[in-house]
Amino acid sequence: MAGQVDKMRQAGRNSSAGLYRVVHNRLRRFADDETLTFEQVTATRVDGFAQSLREEGLAVNTVNSYLSGFRTLYNSALEAGLFKAPEKSPFAHLHLRREMTAKRALTSQAINELARLQPSVGTETRRSLDFFLFCFMACGMPFIDLAHLTWDNIVGKEIIYHRCKTGTKVQISITPGMRLIMKRYARKGSRYVFPILPEEGCSHNYYKSILARYNACLKEIGSHLTHPVKLTSYVARHTWATEALRKNTPVAVISQALGHTSEKNDAFLSRLARSVGDQKSKQEDY
């Protein structure tokens, strides 16, 4: 497992490396730091590991993510011939389905309230709020892509960039609100649109510290709304997708704007669309 973490890091797949590292650490804790062979990975042990994660109070999607990472690592070792395949995979009985997280999406009232806030100019709170609103207006742009956005990505009245996570090309129009925020943070001689990353670049761990501070500021902002919410960097993305669905935007168009590349993500959007449709029906009935 440690070898796979290093391999992912070297390949620039930092998200996978982070997941594998967490799985490795939690599995060692579950096994009380005793040596665990691949032959000892049985369905019973997998279920025990899953139960230990649930008992820690982890969310369903987090538990599923760790189990999926464990399964991927196990299968990688199997393909590498590190052990003999059992008659039945210890993960064969697992059915990992994402739990709906529609509550992450803000209401239009909450977004409007955020837009009306006026923190002092130049403060970290003001920057965090502006970055969040920009991500929302930029069709749910992930914070990591916002941080890496350069002036080369600005082409006329559009932003054209490739997602850091998947490399997918995304092309979106620049709204007046987005342009206002861009001008507010423009710095002469800087290649970045926003003052988030050092000009010489940074390590993945350094970026994570930036993201953690950003989320801490968002959490503080969300706690002061009329109806307090748990505000995180991902909320902007989820809120835009949900609001687009409420405006009857086709799922295919939303998927393209989000830079999705897999049927799994499209399936999630479809389920979210049905959830939004059910909510609208209930409101109309009421």
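Everything numeric here is computed off the predicted structure, so don't read it as measured data.

1. Points about the overall build of the chain
Here's step 1: Within the chain one finds twelve helices and three strands.
Here's step 2: For the chain, buried positions account for 39% of its 286 residues.
Here's step 3: For the chain, contacts bridging at least 24 residues in sequence account for 55% of all contacts bridging at least 6.
Here's step 4: Element-wise, carbon and sulfur atoms account for 50% of the exposed surface of the chain, whose accessible area totals about 16,700 Å².

2. Quick look at the nonpolar core
Here's step 1: Judged by nonpolar contacts, the single largest core of 49 residues is most densely connected at Leu114, Phe132, Phe134, Ile159 and Phe194.
Here's step 2: Tallying contributions element by element places helix H6 (residues 124-137) first for this core, with seven residues.
Here's step 3: Beyond its immediate sequence surroundings of up to four residues, phenylalanine 194 is in contact with Phe131, Phe134, Leu146, Leu149, Ile181, Met182, Tyr185 and Arg187.

3. Quick word on the sheet that holds strand S1 (residues 154-155)
Here's step 1: Read across the open sheet, the three strands follow the order S1-S2-S3; overall the sheet is antiparallel. The outermost strands of the open sheet, each flanked by one partner alone, are S1 and strand S3 (169-173).
Here's step 2: Across two bridges, the pairing between S1 and strand S2 (residues 158-162) is antiparallel. Residue pairing in the sheet places isoleucine 154 in a bridge with isoleucine 159 of S2.

4. Quick look at the pattern of salt bridges
Here's step 1: The full count for this structure, using the stated rule, is nine salt bridges.
Here's step 2: Among the salt bridges present, the one from arginine 28 reaches aspartate 33, with a minimum N-O distance of 3.5 Å.
Here's step 3: Using a relative accessible area of 56% as the deciding quantity, one classes aspartate 33 as exposed.
Here's step 4: Shared partners join several salt bridges into a network, and the residues in it are Arg26, Arg29 and Glu56.

5. A word on the confidence of the model for the chain
Here's step 1: For the chain, per-residue confidence averages 87 on the pLDDT scale, and 89% of positions sit at 70 or higher.
Here's step 2: Mean pLDDT across the elements of the chain ranges from a minimum in helix H12 (residues 263-285), with 53, to a maximum in H6, with 97.

6. Thoughts on the packing of aromatic side chains
Here's step 1: Evaluation of the coordinates by the stated rule reveals 13 aromatic pairs.
Here's step 2: Each member of the aromatic cluster is reached from another via a ring pair, and the members are Phe30, Phe38, Phe49, Phe70, Tyr74, Phe83 and Phe91.

7. Points about the packing of helix H10 (residues 233-246) against helix H11 (residues 251-258)
Here's step 1: Their axes nearest at 10 Å, the elements H10 and H11 cross at an angle of 160°. Comparing the axis directions of H10 and H11 gives the class roughly antiparallel. Crossing of H10 over H11 shows right-handed handedness. On the side of H10, the interface is formed by Arg237, Trp240, Ala241, Ala244 and Leu245, while H11 contributes Val251, Ile254, Ala257 and Leu258.
Here's step 2: Residues of the contact of H10 with H11, tallied by class, amount to eight nonpolar, no polar and one charged.

8. Side note on the packing of H6 against helix H8 (residues 176-185)
Here's step 1: Between H6 and H8, the shortest axis-to-axis distance is 9 Å and the interhelical angle comes to 145°. For the pair H6 and H8, the sense of crossing is left-handed. Here H6 contributes Arg126, Arg127, Asp130, Phe131, Leu133, Phe134 and Met137 to the contact with H8, which in turn contributes Gly177, Met178, Ile181, Met182, Arg184 and Tyr185.
Here's step 2: Partitioning the contact of H6 with H8 into residue classes produces eight nonpolar, one polar and four charged.

9. Considerations on H10
Here's step 1: Between the first and last C-alpha of H10 there are 21 Å, a value that for 14 residues agrees with the 20 Å anticipated at 1.5 Å per step.
Here's step 2: With eleven of 14 residues buried, H10 is to be regarded as a mostly interior element.
Here's step 3: Asparagine 248 sits one or two positions beyond H10 and adopts a positive phi of about 65°.

10. Comments concerning the pairing of S2
Here's step 1: Burial along S2 is one-sided: Ile159 and Tyr161 are buried, and none of Glu158, Ile160 and His162, which face the opposite way, are.
Here's step 2: Turn length for the S1-S2 hairpin, with the two strands adjacent in sequence and antiparallel, is two residues, and the turn residue glycine 156 shows positive phi of about 65°.
Here's step 3: Pairing of S2 with S3 involves five bridges; the strand directions are antiparallel. Looking at the pairing, histidine 162 lines up with lysine 169 of S3.
Here's step 4: Linking S2 to S3, which pair antiparallel, is a turn of six residues; within it glycine 167 sits at a positive phi near 80°.

About the thresholds
- Residues numbered from 1 in each chain as written.
- Predicted model: local features only at pLDDT ≥ 70, side-chain atom pairs only at ≥ 80, totals over all residues.
- Heavy atoms only, no water.
- Helix = DSSP H or I, 4+ residues; strand = E, 2+ residues; numbered from the N terminus.
- Buried < 20%, exposed > 50% of the residue type's maximum accessible area, 1.4 Å probe, protein only.
- Contact = heavy atoms within 4.5 Å.
- Areas by Shrake-Rupley, 256 points an atom, 1.4 Å probe, with all protein chains shown as cover.
- Core = buried A, V, L, I, M, F, W, Y, C linked by side-chain atoms within 4.5 Å.
- Pairing = 2+ DSSP bridges.
- Salt bridge = Lys/Arg side-chain N within 4 Å of Asp/Glu carboxyl O.
- pLDDT = per-residue confidence, 0-100.
- Phe/Tyr/Trp six-rings, centres within 6.5 Å; stacked < 30°, edge-to-face > 60°.
- Axes fitted to C-alpha atoms, helices over the stretch in contact; angles between N-to-C directions.
- Parallel < 35°, antiparallel > 145°, perpendicular 65-115°, else oblique.
- Left-handed = near helix turned anticlockwise from the far one by under 90°.
- Nonpolar A, V, L, I, M, F, W, Y, C, P; charged D, E, K, R; others polar.
- Expected span 1.5 Å × (residues − 1).

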